[in-house]
Amino acid sequence: MHRRGPGAVRRSAAGALLLVLAGCGVDDGGRSIETDGELGGTLTVLAAASLTDVFTDLGDQLESDHPGLDVQFTFAGSSALATQVAQGAPADVLASADEEQLAAVADPGAGAPAVFAENTLVIAVPAGNPADVTGLADLADPGLTIALCAAEVPCGAAAGRVFDAAGLTPAPDTLEQDVRAALTKVQLGEVDAALVYATDVAAAGSAVEGIDVPEAADVVNRYPLMVLEAAPNPQAAEAFVDLVRSDAGRQALADAGFRLP
Amino acid sequence: MPAPLLVPALLGVAFLVLPLLGLLVRAPWSEIGPQLARPGVGEALRLSLVSATLATAVSLVLGVPLAWVLARSQLRGRSVLRALVTVPLVLPPVVGGVALFLVLGRQGILGRWLFEATGFSLPFTTAAVVIAEAFVAMPFLVISVEGALRAADARFEDAAATLGADRWTTFRRVTLPLVAPGVAAGAVLCWARALGEFGATITFAGNFPGTTQTMPLAVYLTLQREPEAAIVLSLVLLGVSLATLLLLRDRWLGRGAVT
């Protein structure tokens, strides 16, 4: 059973209940189940929105390998995820698009969580590139309609570093609240160009074309992954982290446009 | 007061007011001065007040006649029309913003003509903020005014007609004064909804300081990095809107009309 969105965590209780009715054993926490070394119960993964497609597929794979296991995802912006963890959301794994945000909620004694994927910025233009955008300098042209992410969110912070490194002052018409909102405006043809992640262009299909930005090669967004200290189902959490790091997991990430560290 | 009314009423008050209390308790009061002096805060607040007021004006001009049609005319398909008017209430605002793009954007059904003829496109302008807010907030006004019209005694209008007034004169001189408290209540609801509008605005108008960044947008983005500062900003928005509503209430409704 796969659910996306903020409602997912709440539904996990119902999933655990179904397993009880099916005659499986339940531990004191009422959530995680371990029978004959087999993974079971509910695994709750909080992940950055850009991981939606890859992680949903990997979750399906883990569920079919372990029939007793129910993987639930909450996909959201990295700062929203950090807030959820800080407010005590019952989750097992956190995969963030922002090392700083993750460090803020990580156990300080555990060392830096390992990076499993990297993402770089590219220019997204509507199919056919109506404004003939060729490179970063076009994003500094006030005559074009440009969407960037707001500086407060990770893709906007990264965009700021790219423009700084290139010595350009961008001329955005809108500062979007997340990268998908910027991409939507490209898909609708309402902006001439936006600076988004390579993975977003890969996921957007034929309505969007990507233009590589050489100046962005050094501004890499790194994705750390960790099992949360208070994980109710640590064995399943470790299994999911192992799957993400496996060859199959790395291939899925590469196919979705991620760079691998 | 009977307990079956008093107890749920008190629970209702607690339910509505406790989250606000939460904000007040968590607010970093010592930082309120520096937060207010941040660049862009005054600008966002001014833009919010101006655009919400313009959206309310648009809603009054279009919404009061629409409410009259719904309540008084013999038009066929009125119930369908009424259901259509409530669509923006049900639609998630972000979807409403995308829908506005599809009609008024530079690739939109109508916006394409405008763009090709004049080179002007609505999205990412202050006009787009007003449109997004009016789209989401106007149904509140229409429903309030329609309710007031239905409750008003139609015999006054009949009397005016028998005395020779045409329907337009009757509307202006009899109907409108009769339902003025309903119009005022609807306008207040509409203004408040427009002031807090987030989803349709950030989608259709985008977010740029000075042009389209209203307070709810500024609060949302501040929340990404500085939750404490975001609380201060939302309290500022709340304080200004409450003060405005209380002042208007004294002006409009203070003389014993409806209290």
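A brief report on the enclosed structure follows. (Residues numbered from 1 in each chain as written. Chains lettered and ligands numbered in written order. Predicted model: local features only at pLDDT ≥ 70, side-chain atom pairs only at ≥ 80, totals over all residues. Heavy atoms only, no water.)

1. Here's the deal with the overall build of chain B
For step 1, the next point in the chain: Across its full length, chain B holds 14 helices and zero strands.
For step 2, the next point in the chain: Reading the secondary structure of chain B in the N-to-C direction produces α-α-α-α-α-α-α-α-α-α-α-α-α-α.
For step 3, the next point in the chain: In terms of its C-alpha atoms, chain B occupies a principal-axis envelope of roughly 65 × 65 × 30 Å.
For step 4, the next point in the chain: A burial count over chain B gives 38% of its 259 residues as buried. (Helix = DSSP H or I, 4+ residues; strand = E, 2+ residues; numbered from the N terminus. Buried < 20%, exposed > 50% of the residue type's maximum accessible area, 1.4 Å probe, protein only.)

2. Side note on the pattern of salt bridges
For step 1, the next point in the chain: Applying the stated criterion across every chain yields a total of 12 salt bridges over all chains.
For step 2, the next point in the chain: In this structure, R155(B) engages D153(B) in a salt bridge whose closest nitrogen and oxygen atoms are separated by 2.9 Å. (Salt bridge = Lys/Arg side-chain N within 4 Å of Asp/Glu carboxyl O.)

3. Focus on the side chain of T174(A)
For step 1, the next point in the chain: Locating T174(A) in the fold gives a position in strand β8 (residues 174-176).
For step 2, the next point in the chain: A polar atom in the side chain of T174(A) sits 2.8 Å from the backbone nitrogen of N207(B).
For step 3, the next point in the chain: Discounting chain neighbours no more than four positions away, the residues touching T174(A) are I146(A), A147(A), L148(A), K185(A), F124(B), G206(B), N207(B) and F208(B). (Polar contact = N/O pair within 3.5 Å; in protein donor to acceptor, adjacent residues only side chain to side chain. Contact = heavy atoms within 4.5 Å.)

4. Focus: the interface of chain B and chain A
For step 1, the next point in the chain: Contacts between the two partners involve 19 residues from chain B, matched on the other side by 21 residues from chain A.
For step 2, the next point in the chain: Counting each side, the surface lost to burial between chain B and chain A is near 1800 Å², with a carbon and sulfur contribution of 53%.
For step 3, the next point in the chain: Among the residues chain B hides against chain A, the three largest losses belong to R106(B), F124(B) and R225(B). Together they make up 37% of the total.
For step 4, the next point in the chain: Taken together, chain B and chain A are joined by one salt bridge.
For step 5, the next point in the chain: In this structure, the connection of chain B to chain A is made through nine residue pairs in polar contact (both at pLDDT 80 or more).
For step 6, the next point in the chain: Going through the elements one at a time, α6 (93-104), α12 (199-204) and α13 (215-225) of chain B are the ones with two or more residues in the side of chain B that touches chain A.
For step 7, the next point in the chain: Each residue belonging to the side of chain B that touches chain A can be placed in one class, and the counts come to 10 nonpolar, seven polar and two charged. (Buried area = accessible area lost by both parts, 1.4 Å probe. Nonpolar A, V, L, I, M, F, W, Y, C, P; charged D, E, K, R; others polar.)

5. A word on the layout of surface pockets
For step 1, the next point in the chain: Considering only enclosed or pocket space, the largest pocket measures out at about 1200 Å³ in volume.
For step 2, the next point in the chain: Contributing to the lining of the largest pocket are 45 residues, with G77(A), S79(A), A80(A), Y220(B) and Q224(B) lying nearest its centre.
For step 3, the next point in the chain: Among the residues forming the lining of the largest pocket, the class breakdown is 24 nonpolar, 13 polar and eight charged.
For step 4, the next point in the chain: When residues of the lining of the largest pocket are assigned to domains, at least three map to each of domain 1 (8-116 + 223-255) and domain 2 (118-220) of chain A.
For step 5, the next point in the chain: Counted as a void, the second largest pocket has a volume near 440 Å³.
For step 6, the next point in the chain: Forming the boundary of the second largest pocket are 25 residues, of which A151(A), E152(A), L175(A), P209(B) and Q213(B) lie nearest the centre. (1 Å grid on protein atoms, 1.4 Å probe; cavity = no way out; pocket = protein on both sides within 12 Å on 5 of 7 lines; lining within 4 Å. Points joined across faces, edges and corners; volume = space filled by probe spheres on them. Domains from an automatic or database assignment.)

6. A few points about the pairing of strand β9 (residues 193-197) of chain A
Residues and elements named next belong to chain A.
For step 1, the next point in the chain: Here β9 lies mainly inside the structure; five of its five residues are buried.
For step 2, the next point in the chain: Here strand β6 (residues 115-126) runs beside β9; their pairing, made up of four bridges, is antiparallel. Within β9, the residue paired with I123 across the bridge is L195.
For step 3, the next point in the chain: One ladder, built from two bridges, connects strand β7 (residues 146-149) with β9; its direction is parallel. Of the residues in β9, the one forming a bridge with I146 is A193. (Pairing = 2+ DSSP bridges.)

7. What about the packing of aromatic side chains?
Residue and element names in this part refer to chain A.
For step 1, the next point in the chain: One pass over the structure, following the stated rule, counts 12 aromatic pairs over all chains.
For step 2, the next point in the chain: Their ring planes at 80° and their centres at 5.2 Å tell us that F55 and F240 sit as a pair that is edge-to-face. Taken as a pair, F55 in helix α2 (residues 52-65) and F240 in helix α8 (residues 234-245) lie far apart in primary sequence, 185 residues in all. For the residue pair F55 and F240, the accessibility class agrees, reading buried in each case.
For step 3, the next point in the chain: Here F116 and Y223 contribute two aromatic rings whose centre-to-centre distance is 6.3 Å and whose plane-to-plane angle is 85°, an arrangement assigned as edge-to-face. Of the two residues, F116 is situated in strand β6 and Y223 in strand β11 (residues 220-227); the sequence distance between them amounts to 107 residues.
For step 4, the next point in the chain: The exposure class assigned to Y223 is buried, which follows from its relative accessible area of 0%. (Phe/Tyr/Trp six-rings, centres within 6.5 Å; stacked < 30°, edge-to-face > 60°.)

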